[in-house]
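Chain residues, written in single-letter form:
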2 protein chains.
Amino acid sequence: MLPQKRPAEDLTSTAMEQKIAEQPALANGVNGHTNGVNGHANGTNGASTLPGLDASKLIITRADPTARAVPDEATACSGNETICTDHMITVPWKASSGWSAPELKPYGPLSLMPTASVLHYATECFEGLKAYRGHDGRLRLFRPDLNAKRMLMSTLRISLPGFDPAELEKLILALMAVDGPKWLPRTRPGSYLYLRPAVIGTQPQLGVQAPKEALLFITASFMPRMDSPPGGLRLHTNPEDMIRAWVGGFGYAKVGANYGPSLLATNEARERGFGQILWLYGPEGYCTEAGASNFFVVWRTREEEGGKLQLVTAPLDDKLILDGVTRRSVVELARERLAGDLEMVERKYTIDEVIAADKEGRLVEAFAAGTAFFICPVSQIRHRDYDVHIPMVKGESGQYTAKIKSWISDIMYGNEQHPWGVVVEEQQ
Amino acid sequence: MLPQKRPAEDLTSTAMEQKIAEQPALANGVNGHTNGVNGHANGTNGASTLPGLDASKLIITRADPTARAVPDEATACSGNETICTDHMITVPWKASSGWSAPELKPYGPLSLMPTASVLHYATECFEGLKAYRGHDGRLRLFRPDLNAKRMLMSTLRISLPGFDPAELEKLILALMAVDGPKWLPRTRPGSYLYLRPAVIGTQPQLGVQAPKEALLFITASFMPRMDSPPGGLRLHTNPEDMIRAWVGGFGYAKVGANYGPSLLATNEARERGFGQILWLYGPEGYCTEAGASNFFVVWRTREEEGGKLQLVTAPLDDKLILDGVTRRSVVELARERLAGDLEMVERKYTIDEVIAADKEGRLVEAFAAGTAFFICPVSQIRHRDYDVHIPMVKGESGQYTAKIKSWISDIMYGNEQHPWGVVVEEQQ
């Protein structure tokens, strides 16, 4: 008989809830200091004396600032390779020694053994956020605390080591403090860089197990603007035999495993001239996500239901969809600033409801919302043989879509001073 | 309006079936020569003049054969790092130029950009098979054609480039021809090495898209024996809020995305003294896989149902489970050699049926079957508060489990000359 550290009946309770309860930053919704290995799924529970993630230990090794010129945005985004800034941050972790000191160093390749966990078992998760060069000359992140907390949640879900999200946020700021001035020059207000924190399992051991070695890294790069495809974004619902996420799965976590398997259907859609898949769920055909973005519709309810204007998006409670930072911001701004115009509704809704609204002339707008696509107007949804065509003002957007987009954009680029816009103190 | 290369209604048909139809090796069940890029999900359809995977182009760069000594099995398996042989095979692929010439070269790290697709989007798949040093002194693989074909299927599912599986099989043989004599010496009959072919997306570009660059690689390494845990393998059913795979998902493909997300539940089970999760599916609680292995039970049906002895395992048709090579071999051998003793049944069956059989004294044996765990007797299944205890002969196995295991083992190690045992022509 092997040892049983916990009563067996606990296994049927939510393992993630337990992990999260061990992480004050997630459990309390505040960035309390968390021991770096508390939440690790290798069975390291409770207090540990191993070092946690600590941004104050950052070791800086600078690249030659004259070695690379900053390309213009169009050139940078034209190739098959992402152009990163001069530096990246890397932080190794080992189960036996905790988190090492973070390093900010010249951008370059990672060396991984062919047996590294991430290459076989998808022990990987990431975040995406942007740094914005404001029209007031200042450099801002948009609600980076939310990305940092979500990355901790994704990390725990994929059995990688926990950390204090406040320390991750500091590291993101540190990278931008160094690379911001050169790569997002004040001469380019309204431009942005894409920040990609990630954690990968690096232990060079085959066998399906939680990795005992990991690497956290952060890059900053160019990324093309995707928020205004000509004529709007065209969506195709997923093939009936291919769904993105499921109840009891991990659709809510930003883990690699949600993305690779979605590519087959997405490519099929692209070959047919559509931009993204509208992922439906279950025999009811609940609308969940548009590609890797959240999805919103504006419709008017039927007369007998009050004829109310509603902004509708899928709920978070069944853990099928990502708790998007842009999604959350849209929901909050709509409640705060559009309360007189429309009702913000988070509920399950089906593609048949969208089609019915279209047929009855009640469908007003639709858009995808996410960091990469920002607020991207949707002009068409094809579901089997039916085409939903969505009105676009001046061929560009609906009015509520445009309003919400401009509010968020104003916060990002400093036209509106708002607590969501976190200013980076740049090293000049 | 963007171009539509195919009629839109095709999207709702099975994208994978279409990909497979483009691959003669899979569609016809024979190893016909396939153009290496036909099945690639980047939209490269039909005939292509780009080079396919071609083992005859193999470039060999030998390691210093005296640089590393071969450890004994126990030492090799005692650490936190997989010990590989002197060489590995790597084959780069680009959408623009097809498959490069394969290289057999000294084992060592891979260099990947931090933006490489595999590190973010789980564009990765793998295979696992073993090379066996026979009691007759010869070196054998076990049904490597099945692994090669399955890897093609997994590769297509995860939007990586297609290839001729016969060429992959030749490359696996080539690696063993070079490293077999030293690393599986004739002085160690009954020992094996673990072979790990994998394909990963290497394109250094962020953004959710099928990679335009990939790398196929093959390693050979030690792997601990897992087929005889003391007292038998103890399984715990999965938490109700955590399932492994789902209809419309990718549970049948050997892609990284099936593994990382399973670790959280597996670790929870291990902390409670269980070896693996028995993954149930749906509200009915259908038994699917045991950890990353297939799962079999032997039971006797009720008297009113004939009181027949049956060997039962989950079916492949709903694509929830892996089409295991060991699973297939068990099914085929049971039909061929145990027809007088028991009935081989592939059907959906629930944990409640297993529990009922246990309560009524009809449960005879259970085992996990896979390359890593081989045929591993299961002694216990805990489901919520109920413990199924499975009889073990001499504390080791049930009699049918032992019989099947010895038959397959005899083929692997050359005690029985059989077409499933493919002899490696070693370079001496």
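As shown above, the structure is provided for reference.
Read on for an overview of the structure. Note that the structure is a prediction, hence the values are computed from the model and not measured. (Residues numbered from 1 in each chain as written. Chains lettered and ligands numbered in written order. Predicted model: local features only at pLDDT ≥ 70, side-chain atom pairs only at ≥ 80, totals over all residues. Heavy atoms only, no water.)

1. A word on the side chain of Ser-293 of chain A
Residue and element names in this part refer to chain A. Rules: Strands are runs of DSSP state E lasting at least two residues, helices are runs of H or I lasting at least four, and both sets are numbered from the N terminus onward. Throughout, exposure labels follow a simple rule: accessible area from a 1.4 Å probe, protein chains only, divided by the maximum for the residue type, with under 20% read as buried, over 50% as exposed, and the rest as partly exposed. Any two residues whose heavy atoms approach within 4.5 Å at even a single point are treated as in contact.
For Ser-293, the location among the structural elements is in strand 14 (residues 293–300). Of the residues examined, Ser-293 reaches a relative accessible area of 5% and is grouped as buried. In contact with Ser-293, other than residues within four places in its own chain, are Ala-368, Ala-369, Gly-370 and Phe-373.

2. A word on unusual backbone geometry
Residues other than glycine seldom take positive phi values, yet Arg-384 of chain A does so here, at roughly 50 degrees. Relative to the assigned elements, Arg-384 of chain A resides in the loop between strand 18 (374–383) and strand 19 (386–389).

3. Overview of the nonpolar core
Selection rule: The criterion is simple. A nonpolar core is a set of buried Ala, Val, Leu, Ile, Met, Phe, Trp, Tyr and Cys residues joined through side-chain atoms within 4.5 Å.
Counting residues in hydrophobic clusters, the biggest one holds 119 residues, and the most contacted among them are Leu-168, Met-176 and Leu-216 of chain A together with Leu-168, Met-176 and Leu-216 of chain B. Leu-216 of chain B has contacts with Leu-53, Ile-89, Thr-90, Val-91, Trp-99, Met-151, Leu-168, Ala-198 and Val-199 of chain B, leaving out every residue within four places of it along the chain. Core analysis: the second largest hydrophobic core is formed by 36 residues, Tyr-194 of chain A together with Cys-84, Tyr-107 and Phe-126 of chain B among them.

4. Let's talk about the relation of the copies chain A and chain B
What counts, and what does not: Each copy is superposed on the other by least squares, with the fit set by C-alpha atoms of residues at a pLDDT of at least 70 in both.
When chain A is fitted to chain B, the residual RMSD is 0.0 Å, and the transformation amounts to a turn of 180 degrees plus an axial shift of 0.0 Å. The operation mapping one copy onto its partner corresponds to a two-fold rotation axis. Most of the interface of chain A is mirrored in chain B, where 100% of its interface residues again form contacts.

5. Examining the environment of Gly-180 of chain B
Residues and elements named next belong to chain B. Position of Gly-180 among the secondary structure elements: in helix 6 (residues 165–183). What makes Gly-180 buried here is its relative accessible area of 0%. Separated by 13 residues in sequence, Gly-180 and Glu-167 place their C-alpha atoms 19 Å apart. Once residues within four sequence positions are removed from consideration, Gly-180 is found in contact with Arg-133, Leu-139, Leu-175, Pro-185 and Glu-426.

6. Observations concerning the packing of helix 5 (residues 144–157) of chain B against helix 6 of chain B
Residue and element names in this part refer to chain B. Here is the rule we go by: Geometry is summarised by axes, namely lines fitted to C-alpha atoms with helices restricted to the contacting stretch, and by angles between N-to-C directions that run from 0 to 180 degrees. Convention used here: angles under 35 degrees read as roughly parallel, angles over 145 as roughly antiparallel, angles from 65 to 115 as roughly perpendicular, and any remaining angle as oblique. The hand of a helix crossing depends on one turn: near helix anticlockwise from the far one by less than a right angle means left-handed, and clockwise means right-handed.
Running from N to C, helix 5 and helix 6 cross one another at 125 degrees; their axes reach a closest spacing of 8 Å. Comparing their axes, helix 6 and helix 5 come out oblique. Handedness of the helix 5/helix 6 crossing: right-handed. Across from Pro-144, Asp-145, Ala-148, Lys-149, Met-151 and Leu-152 in helix 5, the residues of helix 6 making contact are Pro-165, Leu-168 and Glu-169.

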